[in-house]
Amino acid sequence: MPDRRRIAVFRSRPRVGMAIDIGAALLIVAMMGLMFALPGHEAGPYHIMFLALALAYGYRIWPVVPTVAVTVLITTLSGWLMITHASEGVLAPPELAEIPLMPLVLFVMVWHARRRVAAVKQVERMAARQLEAVDREREFFTDASHAIRTPVTIARGHLELVAAADLDDEVRSDLEVAQRQITRMTALSNRLLALARLDSGDALQKQSVDLGELVRQLVANWSAAFDRDWRVEGVANCVIMADPEWITMALDALVENAVHFTAEGARISVRCRRSGGKCRVVISDSGPGIPAEELPHVFDRFWHRMPPFGPMGTGLGLSMARAAVAAHGGTMSARNGAGGGAEFELALPANGRSPI
């Protein structure tokens, strides 16, 4: 049905354009007739003719040559009639100033209309190129993630077989480095595929989610695995409409970043609250913070800093987190805390009223 309606619209456009052309032509002929029939009152029909041309041109951007030809023909015929009547004393001579003035006004309007159409076409071409670039990027992410998975899986299997053998300390150390890089490649392919899914707009399955409960579960999981001074503040019952998998991944990326930039026993604070129709989660740490010149780049894809207390990342965790939050109509920001360390804030639209 949508295709049939679209075809019907396309078929109706030529008919509409033809109707506008015929209507404008009939009106011009009628006004010319009035100019002949009403000597001394030519100014009114003359103005209406050019007004009809201007209105028709607003809907129909005619080619330049036919437009100029029609305008010159109308001006010549009506001008000859007005000059004849003025020479006979029927029309006041000052009225003759309208003969060149009206076509000049029309040509100025035509010039502006064509400039606007040219600008719109340029914007459309730029938008089409941008969409093509986004599609190519999405296809690259998808193809690259799938292409990486097969050799990484094979390499992981062989490394696990080697790890089961009796190895000396130096070889085992080298093997562990290789395994860490394979793990990083696996995370990279998974996040590339996740970003492609997010960019396609087909990945979200929204439902009513208690953001506070997600935060509690997240902190419980991370605190069991990493020795930090975990602090959970103000976790209220804040309900959002979201895909819990993607929001969990976004929060997980922020907490992972805090863990990698703090030492054992360092403070990591997670605050959840509702304000201004938004549910906000702020994750702060007591690490070294983010240099001012690097703050604008923390969410860039494939950009990362070397964490002092964790493995090298993929450069996609924070970027994927922001993309997931943006897909839910939310925002994510980064800053340095007043007492040092980094602060990341996630804000999502609240769903209905939360209990106080």
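Residues numbered from 1 in each chain as written. Predicted model: local features only at pLDDT ≥ 70, side-chain atom pairs only at ≥ 80, totals over all residues. Heavy atoms only, no water.

All right, on to the overall build of the protein then. Looking only at helices and strands, one finds eight helices and seven strands in the protein. Taking all 356 residues of the protein together, 35% fall into the buried category. For the protein, the accessible surface area stands at approximately 20300 Å², while carbon and sulfur atoms represent 61% of it. (Helix = DSSP H or I, 4+ residues; strand = E, 2+ residues; numbered from the N terminus. Buried < 20%, exposed > 50% of the residue type's maximum accessible area, 1.4 Å probe, protein only. Areas by Shrake-Rupley, 256 points an atom, 1.4 Å probe, with all protein chains shown as cover.)

Turning our eyes to something else, we now look at a positive patch on the surface. Together, Arg114, Lys121, Arg125 and Arg129 make up a positively charged patch on the protein surface. Within the element layout of this structure, lysine 121 appears in helix H4 (residues 98–163). We classify lysine 121 as partly exposed; its relative accessible area is 47%. (Patch = residues over 30% accessible without salt bridge, like charges linked within 9 Å, V, L, I, M, F, W, Y side chains within 5 Å. Salt bridge = Lys/Arg side-chain N within 4 Å of Asp/Glu carboxyl O. Lys, Arg positive; Asp, Glu negative; His and termini not counted. Charge placed at Lys NZ, Arg CZ, Asp CG, Glu CD.)

Unoccupied space between atoms shows up once a probe the size of one water molecule is rolled over them. Inspection of the entire model under this criterion finds one cavity of 30 Å³ or more. Its volume calculated, the largest cavity comes out at about 40 Å³. Listed by contribution, the elements that provide at least two residues to the lining of the largest cavity are helix H2 (43–59), helix H3 (64–87) and H4. Looking at which element gives the most residues to the lining of the largest cavity, the answer is H3, with three residues. (1 Å grid on protein atoms, 1.4 Å probe; cavity = no way out; pocket = protein on both sides within 12 Å on 5 of 7 lines; lining within 4 Å. Points joined across faces, edges and corners; volume = space filled by probe spheres on them.)

This model, assessed by the stated rule, comprises three aromatic pairs. Centroid distance tyrosine 46 to phenylalanine 50: 5.0 Å. Interplanar angle 70 degrees. Geometry classified as edge-to-face. Taken together, the positions of tyrosine 46 and phenylalanine 50, both in helix H2 and four residues apart, correspond to about one turn of that helix. (Phe/Tyr/Trp six-rings, centres within 6.5 Å; stacked < 30°, edge-to-face > 60°.)

Across the interface, helix H6 (residues 211–225) lies against helix H7 (residues 244–260) with an axial gap of 10 Å and an inter-helix angle of 45 degrees. Relative to H7, H6 is oriented oblique. The chirality of how H6 crosses H7 is right-handed. Touching Leu211, Leu214, Val215, Leu218 and Trp222 of H6 are Pro244, Ile247, Thr248, Leu251, Asp252, Val255, Glu256 and Val259, all from H7. Residue composition of the contact of H6 with H7, by class: 10 nonpolar, one polar and two charged. (Axes fitted to C-alpha atoms, helices over the stretch in contact; angles between N-to-C directions. Parallel < 35°, antiparallel > 145°, perpendicular 65-115°, else oblique. Left-handed = near helix turned anticlockwise from the far one by under 90°. Contact = heavy atoms within 4.5 Å. Nonpolar A, V, L, I, M, F, W, Y, C, P; charged D, E, K, R; others polar.)

Now for the sheet that holds strand S7 (residues 342–349). Strands sit in the order S2-S4-S5-S7-S6 across an open sheet of five strands; the sheet is mixed. Looking at the sheet topology across the chains shown, the edges are occupied by strand S2 (229–233) and strand S6 (331–336). Strand after strand, the sheet turns through a mean of 15 degrees between neighbouring axes, direction not considered. Relative to S7, S6 is paired through six bridges, and the arrangement is antiparallel. Pairing of alanine 334 across the sheet is with phenylalanine 344, part of S7. (Pairing = 2+ DSSP bridges.)

Right, let's get into the environment of alanine 253. Among the structural elements, alanine 253 can be located in helix H7. Measuring from C-alpha to C-alpha, the distance between alanine 253 and leucine 316 comes to 9.3 Å, with 63 residues separating the pair along the chain. Not counting residues up to four positions away in its chain, the partners in contact with alanine 253 are Gly317, Leu318 and Ala321.

What follows concerns the pattern of salt bridges. Taken as a whole and judged by the stated rule, the model has five salt bridges. Salt-bridge contacts for arginine 216 lead to glutamate 213; the nearest nitrogen and oxygen are separated by 2.9 Å. Residue arginine 216 and its partner glutamate 213 are located together in helix H6, separated by three residues, close to a single helical turn. In this structure glutamate 213 comes out as partly exposed when scored by relative accessible area, which is 31%. With a closest N to O distance of 3.1 Å, aspartate 229 and arginine 231 form a salt bridge. In the salt-bridge network here, residues are joined through shared partners; they are Arg280, Arg335, Glu343 and Glu345.

Glancing now at the environment of threonine 248. Within the secondary structure, threonine 248 is located in helix H7. In this structure threonine 248 comes out as partly exposed when scored by relative accessible area, which is 29%. For the pair threonine 248 and alanine 321, spaced 73 residues apart in the sequence, the C-alpha separation amounts to 9.2 Å.

Further remarks concern H2. Relative to the 24 Å expected for 17 residues at 1.5 Å per residue, H2 spans 25 Å between its end C-alpha atoms, a close match to the ideal helical length. Buried residues of H2: Ala43, Pro45, Tyr46, Met49, Phe50, Ala52, Leu53, Ala56 and Tyr57, and no others. (Expected span 1.5 Å × (residues − 1).)

Residues of helix H8 (residues 317–327) that are buried include every one of Gly317, Leu318, Ser319, Met320, Ala321, Ala324 and Val325, and no others. Residue glycine 329 follows H8 closely and has a positive phi angle near 80 degrees.

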